[in-house]
Amino acid sequence: MAEPHPVDVPASGYLVVRASGAAAARAAILGGASGAPEGIQLLLRCPVPRAVAESAAKLTFADATLHLQPSGVVMLTVAAAKLSISFTELRPLMFRPVEVDAPLRALFAGAVAHVLAAGPRLDPHGLAHHLLGLAELVLRSALRVELDRVDALAARRREALEYMRAHLSEQSLTADRIAEALYISRRRLYQLFDDGQGVSERLKGLRIERAKVLLADPAKAGRGIAEIARDCGFTSAPHFSRTFRAATGRTPREFREQALRG
């Protein structure tokens, strides 16, 4: 079994789950259609007594391998086909650090220490089933926490977007004000929008979309470009025109004329 690549070595308190084999990893990341990998690897740094690590650093069975790396990272590999969780269900955990709470880390560390200490004297088939069950426990627990976290992030992101839309016309709307309204830190707010667009770009995009709606509305055809700019929270009509043209390729007036003709 290959040693973990440095980028896969988890920090203390974090789990890394990955598909075993380079081909399976590429397929998982790039969305290949090769199906589930042969093995699922769990990498978790946990304290194991030195005497145990030195006397039995690796145990290999037909469907499971337990390997304690010199860095203190435990790598547990199990046959994917033996898991009751499908590879599709595991995707939220794959190829990135996932935080594991202290009770689960302690349970995993204790189980690993006992297995490494007593493994050579235990029935290999029973021990393989035990390791499979350990993998199931860790994966299911981490997956539940991760899905709850993702749901919570999605809910907070929706709250932030709703607040932005409700206050788009206010030029004083900033990341600090949004964070304060949601009772979260500015750093936490930026974590909600970590897709590369960021808070200011998201806010600008919402203002442009609001402007498109207003410009294309025949009932508002008599309103000037400066009024539309103010309604969307832009500091001035020239600033609005420059930003709108950069985003759409047309000036607000050109967009309005084409929309109303259509």
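Here the structure is a predicted model, which means the values were calculated and not measured.

Asks: Please explain the nonpolar core as it appears in this structure.
Replies: Across soluble globular proteins, you tend to see nonpolar side chains buried next to one another. The biggest cluster of nonpolar side chains holds 41 residues, and the ones touching the most others in it are Ile40, Leu76, Phe108 and Leu139. Mapped by element, the contributors of at least two residues to this core are β1 (14-19), β2 (39-45), β4 (64-68), β5 (73-79), α3 (87-90), α4 (102-118) and α5 (124-166). A per-element tally of this core places α5 first, with 10 residues. If sequence neighbours within four positions are ignored, Phe108 has contacts with Leu44, Cys46, Val74, Leu76, Leu134 and Val138. In this structure, Leu153, Ala175, Ile178 and Leu206 belong to the second largest nonpolar core, which totals 18 residues.

Asks: Would you mind going over the packing of α5 against helix α8 (residues 198-215) with me for this structure?
Replies: In a pair of packed helices, the angle between the axes and the distance between the axes together describe the arrangement. With their axes 10 Å apart at the nearest point, α5 and α8 run at an angle of 50° to one another. One way to sum up the angle between α5 and α8 is to call them oblique. In the crossing of α5 with α8, the sense of the turn from one axis to the other is right-handed. Along the contact surface, α5 presents Leu161, Met164 and Arg165, while α8 presents Val199, Arg202, Leu203, Leu206 and Arg210. Its residues assigned to classes, the contact of α5 with α8 comprises five nonpolar, no polar and three charged.

Asks: When you look at the environment of Leu137 in this model, what are you seeing that I'm missing?
Replies: Mapping Leu137 onto the fold places it in helix α5. Relative accessible area serves as the criterion here: at 37%, Leu137 is assigned to the partly exposed category. Not counting residues up to four positions away in its chain, the partners in contact with Leu137 are Leu104 and Leu107.

Asks: Looking at this structure, I do not really get the layout of surface pockets. What am I missing?
Replies: The gaps of empty space that remain are located by a probe, the size of a water molecule, rolled over the atoms. Looking at the largest pocket, its volume works out to about 280 Å³. Taken together, 14 residues form the lining of the largest pocket, with Val98, Glu99, Val100, Asp101 and Val145 sitting closest to its centre. Contributing elements (two or more residues each) for the lining of the largest pocket: β6 (98-99) and α5. By residue number, the principal contributor to the lining of the largest pocket is α5, which donates six residues. Of the residues that constitute the lining of the largest pocket, the class distribution is seven nonpolar, one polar and six charged.

Asks: When you look at the sheet that holds β4 in this model, what are you seeing that I'm missing?
Replies: Backbone-to-backbone hydrogen bonds pair the strands of a sheet. The strands run either parallel or antiparallel. An order of β3-β4-β5-β2-β1-β6 is seen for the six strands of this open sheet, with the pairing classed as antiparallel. Of all strands in the sheet, those bounded by a partner on one side alone are β3 (58-60) and β6. Relative to β5, β4 is paired through five bridges, and the arrangement is antiparallel. From the neighbouring strand, Thr65 faces β5, where its bridge partner is Thr77. α4 contacts β2, β3, β4 and β5 of the sheet and is inclined by roughly 100° relative to β4.

Calculation criteria
Every residue gets a number counted from 1 within its own chain, in the order that chain's sequence is written. Predicted model: local features are reported for residues with pLDDT of at least 70 only, side-chain atom pairs are reported and counted for 80 or more only, and whole-chain, interface and lining totals are derived from all residues. To obtain the side-chain values, all non-hydrogen atoms of the structure were included, while hydrogens and water were left out. Buried Ala, Val, Leu, Ile, Met, Phe, Trp, Tyr and Cys residues that are joined via side-chain atoms within 4.5 Å together make up what is termed a nonpolar core. The buried label goes to any residue with under 20% of its type's maximum accessible area, the exposed label to any with over 50%, and the partly exposed label to all in between, with areas taken from a 1.4 Å probe on protein chains only. By definition, any uninterrupted DSSP run of H or I lasting at least four residues is a helix, any uninterrupted run of E lasting at least two residues is a strand, and each is numbered from the N terminus. Here a residue-residue contact requires only that any non-hydrogen atoms of the pair lie within 4.5 Å. For helices, the fitted line uses only the C-alpha atoms of the stretch in contact; every axis is such a line through C-alpha atoms, and the angle between N-to-C directions lies from 0 to 180 degrees. Angle categories: roughly parallel below 35 degrees, roughly antiparallel above 145, roughly perpendicular from 65 to 115, and oblique for all the rest. Handedness of each helix crossing follows the sense of rotation of the near helix against the far helix: counterclockwise by less than a right angle gives left-handed, clockwise gives right-handed. Residues are grouped as follows: Ala, Val, Leu, Ile, Met, Phe, Trp, Tyr, Cys and Pro are nonpolar; Asp, Glu, Lys and Arg are charged; every other residue, Gly included, is polar. Grid points spaced at 1 Å over the protein atoms alone were grouped into cavities, where a 1.4 Å probe fits but cannot get out, and pockets, open sets with protein on both sides within 12 Å along at least five of seven lines, with lining residues defined by an atom within 4 Å of a point. Grid points are joined across faces, edges and corners, and a volume is the space filled by probe spheres set on the points. Two strands form a pair only when DSSP identifies at least two bridges running between them.

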